[in-house]
There are 2 protein chains.
Amino acid sequence: MKRSDITHLNCSVARALDVVGEWWSLLIIRNVAYGQHRFTDIAESLGVARNVLTDRLRTLVEADVLRRVPDPDDGRAARYELTDKGQELVPLLLMLMQWGDRWESPDGAPLNVVDSSGEVVDLALVSRRTGEEVDLATMRLRPGPGFRHEARGG
Amino acid sequence: MKRSDITHLNCSVARALDVVGEWWSLLIIRNVAYGQHRFTDIAESLGVARNVLTDRLRTLVEADVLRRVPDPDDGRAARYELTDKGQELVPLLLMLMQWGDRWESPDGAPLNVVDSSGEVVDLALVSRRTGEEVDLATMRLRPGPGFRHEARGG
């Protein structure tokens, strides 16, 4: 199992991947973020097997990334919504989308992110305090409060 | 195989995941970005089986995310370096790290990103043009030049 394989890595990238690293998981989160909330809609849109989707949805609800609520239009059915924790993955999805647009989409971007003025948005990762663009050439990594010397990884 | 499973999805998130969605792949990219360039160092740090690492490295080189170059200290060995395409995944890794710090690290962040003044960086995703912070509440998605009506996904 994934979980036992990577939690020894003393790094939040590994821990994040332990939650969302399964590729269907990120696609499901994407679809919910884009406004699809029902099992059948997500299943049809992704073309994913229903048992796989059931399993991934349950894992995401257990990880508090999605919330399962009764569907107001159909009491027997459920809606899936992003929690705050899930909502904070949306910028990450948008960056992944921009990377895919740039490097894996020879015909051009299938979808553009546009701002309120209708202009296509070019995303940049910055420091919230300084507005400076982030990369590892200008910034560096330092052990934080949760660092454990005995662990592998970085 | 992964590839045949998701390329029908008309979305750059799916295409990006097709390249980097395997969780070892992102951890390998992370280690190379942090300055580990040799097979044996990466294998030991991640605790990954050598055949798995060989396979993932080959896939990442084929996808032009990593470049394999002769090791100047040992002509028979190789170094792995990030290409430009791989370098553009680093902000994404940093975002994934920040998300994991915030939501999956009860003991605090194992590693902090610090800027040149030594302050811990709080990352934000902004529009490069306006500096406005990005989320799907203020921005929206619109079909781009590569949109295909017949395809599923979004």
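This text gives an overview of the structure that appears in the document. From a predicted model like this one, the values you see are computed outputs, not experimental measurements. (Residues numbered from 1 in each chain as written. Chains lettered and ligands numbered in written order. Predicted model: local features only at pLDDT ≥ 70, side-chain atom pairs only at ≥ 80, totals over all residues. Heavy atoms only, no water.)

### Observations concerning the environment of L27 of chain A
Topologically, L27 of chain A is positioned in helix α3 (residues 23-33). Separated by 108 residues in the primary sequence, L27 of chain A and D135 of chain A have C-alpha atoms spaced 26 Å apart. (Helix = DSSP H or I, 4+ residues; strand = E, 2+ residues; numbered from the N terminus.)

### Some thoughts on the relation of the copies chain B and chain A
By a simple turn and slide, chain B fits onto chain A: the slide is 0.0 Å along the axis, the RMSD is 0.0 Å, and the turn is 180°. Taken together, the rotation and translation describe the operation of a two-fold axis. In terms of proximity to the rotation axis, the leading residue of chain B is L125 of chain B, whose C-alpha is 2.3 Å off the axis. A share of 100% of interface residues in chain B that are also interface residues in chain A marks the association as one of identical surfaces. (Least-squares fit on C-alpha atoms with pLDDT ≥ 70 in both. Contact = heavy atoms within 4.5 Å.)

### Details of the interface of chain B and chain A
At the junction of the two partners, chain B supplies 87 residues and chain A supplies 87 residues. Where chain B packs against chain A, one counts 12 salt bridges. Applying the counting criterion to the chain B and chain A interface returns 26 residue pairs in polar contact (both at pLDDT 80 or more). The element best represented in the side of chain B that touches chain A is helix α7 (residues 90-104) of chain B, accounting for 14 residues. For the side of chain B that touches chain A, the per-class residue count stands at 46 nonpolar, 20 polar and 21 charged. Relative to strand β3 (residues 111-114) of chain B, strand β5 (residues 140-143) of chain A runs antiparallel, the two sharing four bridges. Across the sheet, L141 of chain A pairs through a bridge with V113 of chain B, a residue of β3 of chain B. (Salt bridge = Lys/Arg side-chain N within 4 Å of Asp/Glu carboxyl O. Polar contact = N/O pair within 3.5 Å; in protein donor to acceptor, adjacent residues only side chain to side chain. Nonpolar A, V, L, I, M, F, W, Y, C, P; charged D, E, K, R; others polar. Pairing = 2+ DSSP bridges.)

### A few points about the packing of helix α3 (residues 23-33) of chain B against helix α4 (residues 39-46) of chain B
Residue and element names in this part refer to chain B. Remark: α3 packs on α4, axes separated minimally by 11 Å, with the N-to-C direction vectors making an angle of 120°. Comparing the axis directions of α3 and α4 gives the class oblique. In this structure, α3 crosses over α4, and the sense of that crossing is right-handed. Residues W24, L27, I28, R30, N31 and V32 of α3 touch α4, and the partners they reach there are I42, S45 and L46. (Axes fitted to C-alpha atoms, helices over the stretch in contact; angles between N-to-C directions. Parallel < 35°, antiparallel > 145°, perpendicular 65-115°, else oblique. Left-handed = near helix turned anticlockwise from the far one by under 90°.)

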